[in-house]
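If you want the building blocks of each chain, they are given just below.
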Amino acid sequence: MIRLENITKIFKKRSFSGENTLAVDNVSLTIDKGKILGLVGESGCGKSTLGRIILRLTPVDKGKIYFYNRDITNYTFKEMQAIRREMQIIFQHPDTSLNPRKKIKHSLIEPFKIHRLSSKNEDNIMSRIMKYLDLVGLNEEILDRYPNQISGGQIQRVVLARVLVLEPKFLILDEATSMLDVSVQAQIIELLRKIKKEFDITYLFISHDIDLVKAFCDDIAVMKDGKIVELGSSERIYNSPVHEYTRKLVKTFREF
Ligand SMILES: Nc1ncnc2c1ncn2[C@@H]1O[C@H](COP(=O)(O)OP(=O)(O)OP(=O)(O)O)[C@@H](O)[C@H]1O
């Protein structure tokens, strides 16, 4: 479903004395349809940049991005608009992912407007919203609340519902559960499993938590200094890591 060939991204220095940052260094990888690929590595290694590049939210300097075998690397804004709904991302911070001044109802109606989804009237939109709210384990009481009146876990459920109304085929979860308590995190992971089963969505799960990635993902790509240093099945990477850096990551988590 996703194929990356030799992706490279350099952020230019911001000041005369600063340095360029090689955020992604010649990365090639494939994510097959229906799979969950975990992308792990320590802070600043380039995980988010790579995710944003796949969605064409960050321009790439070198390399090619394929989505369903279509080369989307140089798609225009208009061409991207046509496939934007199919590729979505959920970020880490529950507190900034929804407009704090708008009720939850507004945030759930918004995607229909942005993506000009064909829904004849508001009743029709609301019935679709209710379907997805139910799926993520929320009820209509949430609609009249503001983001600061609900918990972090509830916000991530709303964010998921907001994305699901678009019926995406590929979803990037960028540290999407990192800010949540462990028990809430487990509930959201369970929900993500259920959603994947029901909608056959392919995930890229970005996290620094290798234990969580091992439990949730089919395969793991380990990133260091912008490079993928090791890639394989979750079991293999976790139980018999080959690269020295992967060994260190696994060991650190086990001791922690
Ligand atoms: N817009 C930007 N402009 C300049 N440098 C950037 C920009 N975005 C990221 N970087 C730099 O690129 C490198 C990779 O950052 P990135 O956010 O992709 O890493 P990450 O692995 O996702 O880290 P984290 O887990 O902390 O989010 C870092 O050195 C970062 O400072």
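Residues numbered from 1 in each chain as written. Predicted model: local features only at pLDDT ≥ 70, side-chain atom pairs only at ≥ 80, totals over all residues.

Looking now at the site of the ligand. As a matter of local geometry, the ligand sits amid F11, T21, A23, G41, S43, G44, C45, G46, K47, S48, T49 and H208. Elements with a contribution of two residues or more to the shell around the ligand: β2 (21-31) and α1 (47-54). A per-element tally of the shell around the ligand places α1 first, with three residues. Considered class by class, the residues forming the shell around the ligand number three nonpolar, eight polar and one charged. (Near = placed C-beta within 6 Å. Helix = DSSP H or I, 4+ residues; strand = E, 2+ residues; numbered from the N terminus. Nonpolar A, V, L, I, M, F, W, Y, C, P; charged D, E, K, R; others polar.)

This next bit is on the domain arrangement of the protein chain. Buried accessible area, meaning the area lost when the parts come together, often serves as the stated size of an interface. Splitting the protein chain by domain gives domain 1 (2-86 + 169-255) and domain 2 (97-167). With 10 residues of domain 1 in contact, the opposing surface of domain 2 contributes 10 residues. With five residues, helix α6 (residues 182-199) is the single largest residue contributor to the side of domain 1 that touches domain 2. Taken together, the residues of the side of domain 1 that touches domain 2 break down into eight nonpolar, one polar and one charged. (Domains from an automatic or database assignment. Contact = placed C-beta atoms within 7 Å.)

A few words now on the nonpolar core. In this structure, A161 and F205 are the most contacted members of the largest nonpolar core, which totals 65 residues. Element by element, the count of residues in this core is highest for helix α5 (residues 152-164), at six residues. Counting contributing residues per domain, this core is built from domain 1 (2-86 + 169-255) and domain 2 (97-167), each supplying no fewer than three. Filtering out sequence-adjacent residues up to four positions away, F205 remains in contact with I36, L37, G38, L173, V213, F216 and C217. (Core = buried A, V, L, I, M, F, W, Y, C linked by C-beta atoms within 7 Å. Buried ≥ 20, exposed ≤ 12 C-beta atoms within 10 Å, placed from the backbone.)

At a minimum axis separation of 10 Å, α5 and α6 run at an interaxial angle of 15°. Regarding the angle of α5 to α6, the classification is roughly parallel. Crossing of α5 over α6 shows right-handed handedness. Here G152, G153, Q156, L160 and L164 of α5 come into contact with α6, specifically with V184, Q187, I188, L191 and I195. Taken together, the residues of the contact of α5 with α6 sort by class into six nonpolar, four polar and no charged. (Axes fitted to C-alpha atoms, helices over the stretch in contact; angles between N-to-C directions. Parallel < 35°, antiparallel > 145°, perpendicular 65-115°, else oblique. Left-handed = near helix turned anticlockwise from the far one by under 90°.)

A few words on the sheet that holds β2. The four strands lie next to each other as β2-β1-β4-β5, forming an open sheet whose pairing is antiparallel. Two strands close off the open sheet at either side, each with one partner strand: β2 and β5 (70-71). Sitting on the sheet, α1 touches β1 (2-11), β2 and β4 (62-67), and the angle it makes with β1 is about 120°. (Pairing = 2+ DSSP bridges.)

Residues at a pLDDT of 70 or more form 96% of the protein chain, whose mean pLDDT is 91. Our summary of model confidence lists the complex with pTM equal to 0.92 and ipTM equal to 0.96. (pLDDT = per-residue confidence, 0-100.)

Take the sheet that holds strand β9 (residues 219-224) next. An order of β6-β7-β8-β3-β9-β10 is seen for the six strands of this open sheet, with the pairing classed as mixed. Every other strand in the sheet has two partners, leaving β6 (87-90) and β10 (227-233) as the edge strands with one partner each. Going across the sheet, the axis of each strand differs from the next one's by a mean of 15°, ignoring polarity. Of the strand pairs in this sheet, β9 and β10 are connected by six bridges, and their pairing is antiparallel. Across the sheet, residue I220 finds its bridge partner in β10, namely G232.

The subject of this paragraph is the packing of helix α3 (residues 104-114) against α5. In the contact formed by α3 and α5, the axes pass within 8 Å of each other and the chain directions differ by 25°. As the angle between them shows, α3 and α5 are arranged roughly parallel. Regarding α3 and α5, the two cross each other, and that crossing is right-handed. Between α3 and α5, the contacting residues are I104, S107, L108 and P111 on the first element and V158, A161 and R162 on the second.

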